[in-house]
Amino acid sequence: MSYKLLNICEYDTNKLVRIKSVRLGSLKWTLNGVILMFICIMLLWNKNYQEFDYVVSSVTTKVKGVALTNLPDVGDIVWDVVDYSGPSQGKNSFFVMTNVIVTKSQKQEKCPEVPPHGKVCFSATDCEKGKWDEHSHGIQTGACVKFDVTRKTCEVSAWCPIESKKKPPKPALLAAAENFTVLIKNNIRFPAFNFITRNILPEMNDTFLKTCQKKKYTLCPIFRLGDIVRESRETFSEMAVEGGVIGIQINWDCNLDIFTQRCLPKYSFRRLDEKESNRTLYPGLNFRFARYHSDKGVEERTLYKAFGIRFDVMVFGKAGKFSFFQLIVYIGSTLSYYALTTMFIDFLIGTRQNYSQRKVESVQDKQQSILCVSFVDENHIRLVKRSQRKSLQRIKPISIQPSKENAGHLKAMVGLLQRGPATDKQPQLARVPSRQAWCLCGCCGPSTYPQEQLCCRQTSGRCITTSPLFERLVLSHSILEAVLLYREPLSELAEEGRTSFLRHCAYSQYISWRFGAPPTDTHPVIPSCCVWRIREDYPSPDGQYKGFMTSTVTSMQACSKGQL
């Protein structure tokens, strides 16, 4: 428990590898400079240092203009704003009549229905009293009456005479509406900043509004209808015949910073209805309305089928104001862009082995230790996974790698061997109780641990312990003492523990001889026959050995502590 509590007081940090390279250093600062420039451009372009709020607005309109028209069967009529504005078109919209079909003096009477809505008949039996449908102008009386010279239709009770003209006049009767003007009053508010303004600016007085035109002053709130239609890329005279819908867009892009405050409207116009697809199906915009009067006690009405242009005023807007919090959030979110530099350069150095080996340090799981095996009848090293059940001799390798010579050890051993032939005892076979099933050289000793059940050969043959080089390089007393003094020149080989020093040095000698420089994070395993042979020459006083351990000991102090 105390050990776990001490872990709380520890601090972990990343390991850095500093590569002294002008090429990589210049590339790093170049990429960082490009990223910084991109971040600054986006900061200023998108105003990411500001807090934003969206507009809340109200719109009112006032149309002015007078037109004189000559209507068939009616005569000259003067149209003012009350006449051509028609009924209300809803919020933020206004309507201007540009063409009309007039049906005068309609009364509640009986008259023949107008084809094609009226049914063509030949006798009263073809008409049904009380019948009507959604296209009828009235209710059938059951009589069949003459409509014109060649046709009869069913009689209906309706406002008679029924409207018979279908197509609007060409050119439009109210084409003079092109010169009408409209005053648009737009009041806006940004609630988050408690900012209120309108499109009629403080410097615009009555005198200015009476003479201003948008052509000369883009912020003028008074618009000529012909100019609106023209800026929508339409022709007023053509559009006036059947009508349509025009959108007036007011965009408020406001900067409410103290030193750069600016909040002015920008106007744009476009046609909203699809004129091309509507040419054959309900084109334009029209509706009907009536004006009632009484003639000698009889109620009459004049029916108007009005064609015109509806103008929809649409307001969009966004205001921004400096916010220290938004600036910090933006800076924090863009710092991750610098990881692109690290990723790109890491990719480049990953292709260079001398860099990647120093940058990446691999650590194997203790339960999945990678063991290194070398057979005397093979010229390579096998890497195998440690198993708790299967003999190491029979485990299939996960990879095969060429052995890497330890150049320093090789030169030192050549120098020692050139001193002359060894005077130690002659090579002899290790004496073992019985041959093991996994042993192929006949010299391996028994072991209950699967990781120690390893022979020096992959195929049957002579044991490596019978080699004169094994006797001189691994077992030679004089060479082992020289190796120990070479590693630690000031150490003294006391009689107590002397055999243990030499035994462990013999293990190290065998590993350096057969494995050279083992792959990183792997553990070389000495064959059982070699272990038995070394223990025979350098036995433990009490006959107890620790056996195979996944560690490497290279000092006499570690040997004396029994770490291997």
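Structure's up top.
Note that the coordinates shown come from a computational prediction; the quantities given were computed from them, not determined experimentally. (Residues numbered from 1 in each chain as written. Predicted model: local features only at pLDDT ≥ 70, side-chain atom pairs only at ≥ 80, totals over all residues. Heavy atoms only, no water.)

A. How the structure looks around helix 13 (residues 498-515). Here helix 13 is 18 residues long and its end C-alpha atoms lie 26 Å apart, about the 26 Å a rise of 1.5 Å per residue gives. Burial of helix 13 is extensive: 15 of the 18 residues sit out of reach of the surface. Where helix 13 terminates, the next one or two residues include Gly 516, which has phi positive at roughly 65°. (Helix = DSSP H or I, 4+ residues; strand = E, 2+ residues; numbered from the N terminus. Expected span 1.5 Å × (residues − 1). Buried < 20%, exposed > 50% of the residue type's maximum accessible area, 1.4 Å probe, protein only.)

B. Just the nonpolar core, in detail. Formed by 49 residues in total, the largest nonpolar core has its most connected members in Phe 94, Val 96, Met 97, Phe 190, Leu 225, Ile 228 and Phe 311. Considering each element in turn, this core owes the most residues, 7 residues, to strand 14 (residues 298-322). With 34 residues, the next largest nonpolar core counts Cys 463, Leu 473, Phe 501 and Tyr 538 among its residues. (Core = buried A, V, L, I, M, F, W, Y, C linked by side-chain atoms within 4.5 Å.)

C. Fine view of empty space enclosed by the protein. Summed over the entire model, instances satisfying the criterion amount to 2 cavities of 30 Å³ or more. Along its surface, the largest cavity is lined by Val 373, Phe 375, Arg 382, Val 384, Leu 392, Gln 393, Ile 395 and Gln 458. Classifying every residue of the lining of the largest cavity by side-chain character gives 5 nonpolar, 2 polar and 1 charged. (1 Å grid on protein atoms, 1.4 Å probe; cavity = no way out; pocket = protein on both sides within 12 Å on 5 of 7 lines; lining within 4 Å. Points joined across faces, edges and corners; volume = space filled by probe spheres on them. Nonpolar A, V, L, I, M, F, W, Y, C, P; charged D, E, K, R; others polar.)

D. Layout of unusual backbone geometry. Cis geometry marks the peptide bond from Cys 160 to Pro 161, where omega comes out at 0°. On the secondary structure map, Pro 161 appears in the loop between strand 7 (152-160) and strand 8 (181-190). The omega torsion of the bond from Lys 170 to Pro 171 falls at -5°, within 30 degrees of zero and hence cis. Secondary-structure assignment places Pro 171 in the loop between strand 7 and strand 8. Positive phi values are uncommon outside glycine, yet Asn 92 reaches one of about 60°.

E. Focus on the pairing of strand 14. Relative to strand 14, strand 1 (residues 50-54) runs antiparallel, the two being bridged by 5 bridges. Bridging from a neighbouring strand, Phe 52 pairs with Gly 320 of strand 14. Bridging between strand 5 (residues 93-112) and strand 14 involves 11 bridges; their strand directions are antiparallel. From the neighbouring strand, Thr 103 faces strand 14, where its bridge partner is Leu 303. Bridge count for strand 11 (residues 244-255) against strand 14 is 12 bridges, and the pairing is parallel. (Pairing = 2+ DSSP bridges.)

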